[in-house]
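Results of the structural survey
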Amino acid sequence: MALGISRRTTPVRTRLLSVAAVLAMLGSVLVALAPAAGADPQPKTIVAWGRNTWGESNIPTGMSDVKAISTAAHSLVLKNDGTVVAWGDNEAGETNVPAGLSDVVAIAAGGFHSLALRSDGTVVAWGANVYNQSSVPAGLTDVVAISGGRYHSLALRGDGTVVAWGQNNYGQSNVPAGLNDVVAIDAGGTHSLALRSDGTVVAWGNNANGQATVPAGLSDVVAVAAGWNHSLALRGDGTVVAWGSNADGQATVPAGLSNVVAVSAGATHSLVALADGTVVAWGGNAYGETRVPVGLSGVTAITGKAMNNMVLADDPPPTPVTNLAAPTVTGSKVRLTWQYPAQATDRDIQSIVVRRSAGVTPPASPTDGDNIPMSRPLVEYTTDIHSLLPGQQFTYAVFAIDKAGNVGAPASITVPAQFPSPVTSAQATANSPFDISLTWHNPTDVPLTKVVVRRADGATPPPTATSGKGISLSPALAESTENGGLLPNHQYSYSIFVRDGIGNDSELGPESTVTITTPADLTPPPPVSDLQLQASTSTTVTLAWVNTASPDNDLNRIVVRRFDGATSDVSPTGGRNIGVRPTLGESTTDGAVVTGRTYTYAVYEQDRSGNSSTPAVITVSVPA
């Protein structure tokens, strides 16, 4: 594993001459991993990918202020305050961090056990202990680095010697006699590696796949990594050498790979970090372990001992929330919904902030505009209870903020996104002199609640949705209506508006109004029937009849005219008018007759257009 950022080997005491020697070998390679002197450190986040059978790649919340990482089938995080967090597979208690464990300076996740190195040089172990891999040798002190293999453990002491314990079926815990001057260690599946200060590598344990056979002449090595059945070495020139099992291509270093600053070997894959902060992976990909997340950058630590990977990378601001929508917009409330950002670097989001501004310009920061309260910090919805008046627009900005305080670019939405478009294709058709049919097309660009039709006399359509006379509609969003009770040969103008849920009315477009003149009424009504003399005295004549309904339902009045003598020369305007009360009454009394005279009465039905029916005629002689 790469010295300085690898998860298995962490130098903790700079007083060692051997460590100083290795740092000298690293030269500018490791310098690329550190921020420039005096520069503010870039906030970091943990990114994981690959196998997640036991949740080992599910990063818990609160993973800020991280110092070191280590992962196998379970994952460990060392925080800057010296405490340890663990998650993932726990079948042997490997994620049960001992109560009160503190002052930790290095961590190592083994196959099913965990190791922690404290600043006093002592080691704490927990989890599986079938092979005594968690039984730290009594009196072990002055430890400066630790590494956990599948079933065994390694410790590097300050004097450059190595201590091993746990499973030894393959001799992986038999440290070669006389091994000293070691500056880095790594425990693999069933073999072990040690890096000496002269840049050479020593390997022991299982060699079934040649993983413990160090390539002849290998030198100038600055970091090592032991996988399950293969091994990696990082040389001072930034190149990588691999050996051992290559069943999945894990020992086939990509051609031209250079500028490497850290290495990690997994079950069947290999992982390296480059000086530019990116990573490269190759080998087995059964769980996507070699599928590096797009855009991953600023990597300063890598770990991947099993079939998953975890890195400590730059923590850029969160990406914007997605699918921001306003499913409910009324004059009294606006409901917003969205989905969390889904990029790998978005797992440390701590809160969502929603701000509102009037108009179409979104708030530029989480302190601009008006705050919209959230029921909880991390929900995907909120409701703004606020009056939204017709003609107003609000713009909302939704910000994601991570634990480091980074504020992501906002997603924004304006409500209403637009006002209703005008009605189109308005047409009017005269059905008779007294009624017309209107048709039109409603716009579909915004949700609507009703259609408003207004009428005015003459050629000027009503300019607003409240002027003129309202025409009732059913249903509320109809695209046609009938308007009756009109005058023949009369001009009417109609305006058609649509209204949204807030009360915004559409403007009038060139196809939103229509003017029509009703045709003239040339059809006379039918005559009254059963005209008879109801009573006669020397001074009065009373007539009665039965009105006949007009097919146009436009009867306006009954006209009764009296003519002297017995005559057929009658008209609705000739003779003397005999009033009828009410105007559509069915009887009248003439109180201006002369005794002994004869009169002819003509009774007409008359419609609103002034058309008169044929008369019903009766001749009456006034008694003496």
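Everything discussed here concerns the structure shown above.
For the structure given in this document, a descriptive report is provided here. Quick caveat, the model's predicted, so the values are computed rather than measured. Think of each chain on its own: its residues are numbered from 1, step by step along the sequence as written. Side-chain atom pairs in this predicted model are given and counted only at pLDDT of 80 or more, local residue features only at pLDDT of at least 70, and totals for whole chains, interfaces and linings cover all residues. Heavy atoms throughout the structure, all of them, feed into the side-chain values; hydrogens and water do not.

Of the pairings in the sheet, the one linking strand β15 (residues 230-235) to strand β16 (residues 240-244) comprises five bridges and is antiparallel in character. For Ala 233, the partnering residue across the bridge sits in β16 and is Val 241. At least two DSSP bridges between two strands are required for those strands to pair. For helices the rule is a DSSP run of H or I covering at least 4 residues; for strands it is a run of E covering at least 2, with both sets numbered from the N terminus onward. Joining the antiparallel neighbours β15 and β16 is a turn of four residues, in which Gly 238 adopts a positive phi near 85 degrees.

Opposite charge on two side chains lets them pair, provided their charged atoms get close. In what follows, salt bridge is the name for a side-chain nitrogen of Lys or Arg lying within 4 Å of a carboxyl oxygen of Asp or Glu. Taken as a whole and assessed by the stated rule, the structure comprises ten salt bridges. The salt bridge partner of Arg 51 is Glu 56, with a shortest N-O separation of 2.9 Å. Its relative accessible area of 7% is what places Arg 51 among the buried residues. With its nearest N and O atoms 2.9 Å apart, the salt bridge here joins Lys 305 to Asp 186. Of this pair, Lys 305 sits in the loop between β20 (301-303) and β21 (308-314) while Asp 186 sits in strand β11 (residues 182-187), and the two are 119 residues apart along the sequence. Here's how the labels work: a residue is buried when its accessible area is under 20% of the maximum for its type, exposed when over 50%, partly exposed in between, all with a 1.4 Å probe on protein chains only. Residue class for Lys 305 comes out buried when judged on its relative accessible area of 6%. With relative accessibility at 0%, the residue Asp 186 sits in the buried group. Among the charged side chains, a salt-bridge network with shared partners connects Arg 356, Asp 370 and Asp 384.

As a further point, take the layout of surface pockets. A 1.4 Å probe that fits but cannot get out identifies a cavity on a 1 Å grid over protein atoms alone, an open set with protein on both sides within 12 Å along at least five of seven lines counts as a pocket, and a residue lines either if it has an atom within 4 Å of a point. Grid points are joined across faces, edges and corners, and a volume is the space filled by probe spheres set on the points. The computed volume of the second largest pocket comes to approximately 310 Å³. Those elements that place two or more of their residues in the lining of the second largest pocket are β22 (322-329), β28 (411-415) and β31 (448-457). The residue classification treats Ala, Val, Leu, Ile, Met, Phe, Trp, Tyr, Cys and Pro as nonpolar and Asp, Glu, Lys and Arg as charged. All others, Gly included, are polar. Looking at the lining of the second largest pocket residue by residue, the class counts come to ten nonpolar, five polar and two charged.

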